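# Structure at a glance
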Amino acid sequence: MAGSRGRGRSQFSFSVDALGFGRGDCLPSSAHTPSPLYPPMQFRPVPLHTGEEVDYMLALKQELRASSKNLPFHIKAARTKTDVARYSDKYQNGETKNNCIEWSPDWSRMPKELCIKVRKPRKTVIGAKPQLTRKPKAAAGKEEVLQKLEKREEEQHSEEEEDEEKKKQNEEEPDADEDYDEEELEDETDYIMSYFDNGEDFGADSEDNMDEAVY
Amino acid sequence: MTTQEVRLCGLLLQEHFGNVVEKVGTHLIRSGVLTLRALAHETKLPLDLVKKSLCVLVQHGMCTFGAGRRGPAGPVEYRINCEHVFHMLRYPRYIYTAKSLYGDTGELIVEEILQRGHMTMSSTVKTVADRLTHNMPEGQSMDYSEVVSVFSQLVETHFLQRCPPLASAGSSSSGAVDTPLPVATQPTEPESHPDCYKLPYINLTGQGKRRRSSEDGEADQCAAKKARTDNSECGDDDGIYWQVNFQRFHLHFRDQAIISAVSCKLDQSSSEIVRTMLRMSEVTTPAHAAFTQALSANEIFRALLSRSPDARPILDQYLSLLVDDPMEFVGKTGDSGGGMYVVNLHRALANLARATLESVVQERFGSRSARIFRLLLRKRHLEQKQVEDFAMIPAKEAKDMLYKLLSENLVQLQEIPKTPDYAPSRTFYLYTVNQLPTARLLLQHCYKTVGNLIERRLYETKENKRLLEKSQRIEAILASLQATGAEAAQLTEVEEMITVPERQQLESLRHHINKLDSSENQVDETIFLLKSYINSTQASR
């Protein structure tokens, strides 16, 4: 290769025709920086498809997205207690806890090591006062609680009878009574739960902790 | 797993299942296979959260588990099935297909099963009947038997299938574990189970229950909880879970794509003929076949709906037209029975993919670059000079376009040396386009595009979060006021709480989000086409 250079001054080592540009043509400048993040487009993009089918699928997609947030499969880390323990913590429930799962999968189809306590849905214990000491494995089941109460306090008998009647009447409509119950008679406090306001900052920073490690 | 695929998986998991599952999922994808302890340790999440996430992923069929490297005595190892995560992008299309084939009932059945991963037949029927009853006018309710009949239709046409039974660790599973590797994380193929499409005999009578409409939110949860806890009630079909058969849906989409391509290229009648041929060979053609079963012209004629005897020679003409078409959708394999015809599935997919590539080049670089691209696809290898001549484009512009395509990796350069020392003056430089690698490249671009679209949508939502929350609150107030029968003056007063510029902002935000969502759906169609093409080339090897 070095030998052929001396022969003819104007002979290059490659034929310029093969590369497609002639001598003296200015080449495009070489790139010094990475290409821009949003390169300018030469042509406008084609408009999207329209039509009934497209609209329906769009609506479906948005609905699915919204409803999947409410399903129990949407897992949120439990909120860590950021400051002092509060009196209201005892009566705040409905918060997700890390150690229980909100739906009941078929454990025979899963490896045993994944087995985790299933969180029982809050039963509508109408009128019956829950135990004074809240144990984590609360005795679910109205009958057990009622039996305990019968043992404990006898003057509550008439009240219980009333409430049992209510329960039978309202068996098909547990929702309204649940509202009534949670509001008024929850956990032996004298305060109506919905009046208890924790303030705006309470629990508002739960989303911020998502990226950090949760202990 | 490429970067773009991992990123898209993460975004999809986050959208549907939240941040925790996203973290667990992406880490598992990147690492391949992991045990529970290793996963918890590396993601630094509490063990319980990791367990919950894995439960969710296994429930939806996105994660498989099996005996690990140490054999059945060792810890269980988990791995994520990325393809399954990508199917989440296509859920609206599956549901819409079910609706078009089986009506609202079919739509709701498929939607319920998709959202919950897998369900038993009885719980599906009850939930769907309740939902349908809720939408019906007062006094009517949906009978379970109607839902059961639609469910059985879905199973008969293989759109739903039973979940495969788990292979117990250590024992050899029935059938399809091909690889004798000790890492037995290969799940049994659902099709290998003989009862895959057998309906359980359950005695399910009753009607859908109507929820009280005044407590929508709570009632939703209650009904949903009831549907879930029904799993634990003793049903006759406990343990028999049904899942959506994605492969069958994909075959359906592929057929749809072929039929619409034929109707665009030729005309409506030819597409009807191809549709009939595909329908007849639906059940007999295996999933990865290159051709359908051979059908004789007589059979096709009998199956066509318009059966006037004059139409027979017209049918023959159409068939010969289809066979001669350069797209090669239909091929002739014999002469018995008036001519034996097949639909060339793999070749049709390849042609559709090629059309997609050409369309992409045309829209991004212009029609002349597209001409060069098509030329190279057809003629395989061409020199610079030949490109200019065949494409009839002046040299300077042709050179420019070629280099641009080269820099985007759509066109490759092949060197053919005349001498062993690769001297540039004595080497041929040929431009070429390889369809398969280019299709893979474009598929990665598509994944990146969908990831970008999702991120942009999340950004837009986050930017306007305050405004969205305000509008939601006002809507809730309006709804409650209307329910309690407020006057029009009060309603307008509440509506005016959103000012006009805010309203405009909300409107434009909604418009943007709709556009982004619609684009996602459309890119997913391209993803499906390219993926089917790539899979078909792998299957035929």
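Residues numbered from 1 in each chain as written. Chains lettered and ligands numbered in written order. Predicted model: local features only at pLDDT ≥ 70, side-chain atom pairs only at ≥ 80, totals over all residues. Heavy atoms only, no water.

### A look at the packing of aromatic side chains
Residue and element names in this part refer to chain B. The full count for this structure, using the stated rule, is 13 aromatic pairs over all chains. With centroids separated by 4.7 Å and ring planes inclined at 20 degrees, the aromatic side chains of F86 and Y447 adopt a geometry described as stacked. With F86 in helix α5 (residues 82-87) and Y447 in helix α18 (residues 435-463), this residue pair connects regions lying 361 residues apart in the sequence. Judged by its relative accessible area of 5%, F86 is buried. Measuring from centroid to centroid gives 6.5 Å for Y91 and Y94, while their planes differ by 50 degrees, and the two rings are tilted. Here the residue Y91 and the residue Y94 both occupy positions in helix α6 (residues 91-116), the gap between them amounting to three residues, near one helical turn. Residue classification places Y91 among the buried positions, given a relative accessible area of 6%. By the ring-pair criterion, three or more aromatic residues cluster together here, those being Y91, Y94, Y102, F159, F246, F249, F253 and F528. (Phe/Tyr/Trp six-rings, centres within 6.5 Å; stacked < 30°, edge-to-face > 60°. Helix = DSSP H or I, 4+ residues; strand = E, 2+ residues; numbered from the N terminus. Buried < 20%, exposed > 50% of the residue type's maximum accessible area, 1.4 Å probe, protein only.)

### Let's talk about empty space enclosed by the protein
Leftover empty space is mapped by rolling, across the atoms, a probe with the size of a water molecule. In this structure the tally under the stated criterion is seven cavities of 30 Å³ or more. Lining the largest cavity are L64, S68, L71 and F73 of chain A together with H16, F17, H60, M62, M88, Y91, L114 and Q115 of chain B. Of all the elements in the fold, those that place two or more residues in the lining of the largest cavity are α3 (52-68) of chain A together with α1 (3-17) and α6 of chain B. Residue contributions to the lining of the largest cavity peak at three residues, all from α6 of chain B. Among the residues making up the lining of the largest cavity, the classes are represented as eight nonpolar, four polar and no charged. The residues that make up the lining of the largest cavity include at least three from each of domain 1 (3-80) and domain 2 (84-165 + 194-208 + 239-244) of chain B. (1 Å grid on protein atoms, 1.4 Å probe; cavity = no way out; pocket = protein on both sides within 12 Å on 5 of 7 lines; lining within 4 Å. Points joined across faces, edges and corners; volume = space filled by probe spheres on them. Nonpolar A, V, L, I, M, F, W, Y, C, P; charged D, E, K, R; others polar. Domains from an automatic or database assignment.)

### Here we look at the environment of V450 of chain B
Residue and element names in this part refer to chain B. In this structure, V450 sits in helix α18. Under the relative-accessibility criterion, V450 is labelled buried at 0%. For the pair V450 and R7, spaced 443 residues apart in sequence, the C-alpha separation works out to 10.0 Å.

### Re the interface of chain A and chain B
Counting residues at the interface gives 62 residues for chain A, matched by 70 residues for chain B. On the chain A side of the contact with chain B, F73, I75 and R109 of chain A bury the most area, a combined 13% of that side's loss. Taken together, chain A and chain B are joined by three salt bridges. Linking R65 of chain A and D517 of chain B is a salt bridge whose minimum nitrogen-to-oxygen distance equals 3.0 Å. Summed over the shared surface of chain A and chain B, the result is 15 residue pairs in polar contact (both at pLDDT 80 or more). Among the elements of the structure, α2 (16-19), α3, β1 (100-101) and α6 (174-184) of chain A are those that each provide at least two residues to the side of chain A that touches chain B. The biggest single contributor to the side of chain A that touches chain B is α3 of chain A, with twelve residues. (Contact = heavy atoms within 4.5 Å. Buried area = accessible area lost by both parts, 1.4 Å probe. Salt bridge = Lys/Arg side-chain N within 4 Å of Asp/Glu carboxyl O. Polar contact = N/O pair within 3.5 Å; in protein donor to acceptor, adjacent residues only side chain to side chain.)

### Description of the UniProt feature "domain: DNA-directed RNA polymerase III subunit RPC3 winged-helix" (unreviewed entry) in chain B
In the UniProt entry, the feature "domain: DNA-directed RNA polymerase III subunit RPC3 winged-helix" (unreviewed entry) is given for residues 357-433 of chain B. In residues 357-433 of chain B, the share of helix is 56% and the share of strand is 19%. The end C-alpha atoms are 11 Å apart. (UniProt positions renumbered as here; feature names shortened; annotations may be inferred.)

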